[in-house]
Amino acid sequence: MRQLPPLAAVRAFEAAARHQNFTNAAAELNMTQAAVSYQVKLLEERVGTTLFRRERGRVLLTDAGRAVAEDVTRAFDLIDGGFGRLRRDLGATLTISTTLTFANTWLAWHIGSFQLANPELAVRLDADHLLVDFASSNADLAIRSGHGDWPGLHADLLLGVEFTPMCSPAFLARHGGKLTPSDLLDLPLIGADDPWWPYWLGEAGVAVDPCEMRAGIRLDSQASEGHAAMAGQGVAMLTPFFWKTDLAEGRLVQLFGQVSTRGFGYWLVVPETRRHLPKVRRFRDWLLATIAEERES
């Protein structure tokens, strides 16, 4: 077990030893000269020897003080270096965990503007389907879909998840140029096992047993499904927000005005213990503002 003297007293002694002056030490430590003198006296009483000689308005280290001062300064330098490295590690890299869909359809296309505004930060993007375990990962924050009810995490809603069928203009032309919801049952559907399909069809007035849905291409994410739809492989159930540019530039066609939702949303989530880190606050402010601006455009 360590038998350390009071650290406040050691800190006052170390500053006074470096400056050889209580007044300058007090200014560095934002203390009064009397407080520094008191802490040094407390330390001297604790170790049982005089550490400074006071003569003619100045202080000089005794042999005992000189013997310990170098070790104490080195120890404080090590502590400062360790926390300095920690501060640099915490501040230098922002690690974002997110889904494949959000990363590939939106974030990867916009993150450059955040990077340009924060050139001192390195941004790392981890995209997968797994919920990040903040206790065992390096992730600073995450973007996930759900209802926003993750215990121990602060959640900001980014956007509600809506969905509607889309395909390429060429695919639509090959199938008559105009479709009804019931026509979809006879067409190749991308991700036909997705529960969004029977839900959307039901709201469109087409009753369907999910077990009777026509088999189609199965892919790992909406991002992959959207690109398959653009390639003319079938009809995909997509979220309009993620495909605004492709719709505007004619790579995709939204087949119907009906857009459905199941109450899910995309959320920015962060542990309560990390939400006030400057890099996290900067990314949160940028993300909320950028998504709000794009939703309004």
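Look up: the structure comes first, before these words.
The sections below set out a description of the structure shown in this document. Keep in mind that what you see is a predicted model, and the values were worked out from it rather than measured. (Residues numbered from 1 in each chain as written. Predicted model: local features only at pLDDT ≥ 70, side-chain atom pairs only at ≥ 80, totals over all residues. Heavy atoms only, no water.)

1. Some points on the overall build of the protein chain
If you tally the helices and strands in the protein chain, you get 10 helices and 10 strands. A compact globule built from 297 residues should have a C-alpha radius of gyration of about 19 Å, whereas the protein chain, at 31 Å, is more than 25% larger. A principal-axis box enclosing the C-alpha atoms of the protein chain has dimensions of 100 × 35 × 25 Å. Here the protein chain holds 297 residues, and the buried ones make up 40% of them. Considering only intrachain contacts with a sequence separation of at least 6, the fraction spanning at least 24 residues in the protein chain is 72%. About 16400 Å² of surface is accessible on the protein chain, with carbon and sulfur atoms providing 54% of the total. (Helix = DSSP H or I, 4+ residues; strand = E, 2+ residues; numbered from the N terminus. Rg over C-alpha atoms; globule rule 2.2 N^0.38 Å. Buried < 20%, exposed > 50% of the residue type's maximum accessible area, 1.4 Å probe, protein only. Contact = heavy atoms within 4.5 Å. Areas by Shrake-Rupley, 256 points an atom, 1.4 Å probe, with all protein chains shown as cover.)

2. A few points about unusual backbone geometry
At Q20, a residue that is not glycine, the phi angle is positive and equals roughly 55°. Note on placement: Q20 falls in the loop between α1 (7-19) and α2 (22-29). When its relative accessible area of 30% is taken as the criterion, Q20 is described as partly exposed. Even without being glycine, N30 reaches a positive phi, approximately 60°. Along the chain, N30 falls in the loop between α2 and α3 (33-47).

3. Observations regarding the packing of helix α5 (residues 100-117) against helix α10 (residues 278-296)
Across the interface, α5 lies against α10 with an axial gap of 11 Å and an inter-helix angle of 115°. In terms of orientation, α5 lies roughly perpendicular with respect to α10. The handedness of the crossing between α5 and α10 is right-handed. Where α5 abuts α10, its residues F102, W106, L107, H110, I111, S113 and F114 lie against R282, F283, W286, L287, T290, I291 and E294. Residues belonging to the contact of α5 with α10 are distributed by class as follows: nine nonpolar, three polar and two charged. (Axes fitted to C-alpha atoms, helices over the stretch in contact; angles between N-to-C directions. Parallel < 35°, antiparallel > 145°, perpendicular 65-115°, else oblique. Left-handed = near helix turned anticlockwise from the far one by under 90°. Nonpolar A, V, L, I, M, F, W, Y, C, P; charged D, E, K, R; others polar.)

4. Some remarks on α1
Counted at 1.5 Å a residue, the expected span for α1 with its 13 residues is 18 Å, and the 18 Å between its end C-alpha atoms agrees. Regarding α1, the residues found buried are A9, V10, A12, F13, E14, A15, A16 and A17. Positive phi shows up at Q20, right after α1, with a value of about 55°. (Expected span 1.5 Å × (residues − 1).)

5. Quick word on the layout of surface pockets
For the largest pocket, the calculated volume is near 590 Å³. Looking at the largest pocket, it is lined by 25 residues, and the ones nearest its centre are T101, H129, S145, Q222 and Y266. Going through the elements one at a time, β5 (141-146), α8 (222-230) and β10 (260-271) are the ones with two or more residues in the lining of the largest pocket. When residues of the lining of the largest pocket are assigned to their parent elements, the largest contribution, three residues, is made by β5. Per-class residue counts for the lining of the largest pocket are 10 nonpolar, nine polar and six charged. Here the second largest pocket is characterised by a volume of approximately 270 Å³. As for the second largest pocket, its lining consists of 14 residues, of which T105, W109, F242, T245 and D246 are closest to the centre. Within the residue set of the lining of the second largest pocket, elements represented by two or more residues are α5 and α9 (244-248). Considering each element in turn, the lining of the second largest pocket owes the most residues, five residues, to α5. Across the lining of the second largest pocket, the residue classes break down as five nonpolar, five polar and four charged. (1 Å grid on protein atoms, 1.4 Å probe; cavity = no way out; pocket = protein on both sides within 12 Å on 5 of 7 lines; lining within 4 Å. Points joined across faces, edges and corners; volume = space filled by probe spheres on them.)

Note that all results are geometric; they support no functional claim without further evidence.
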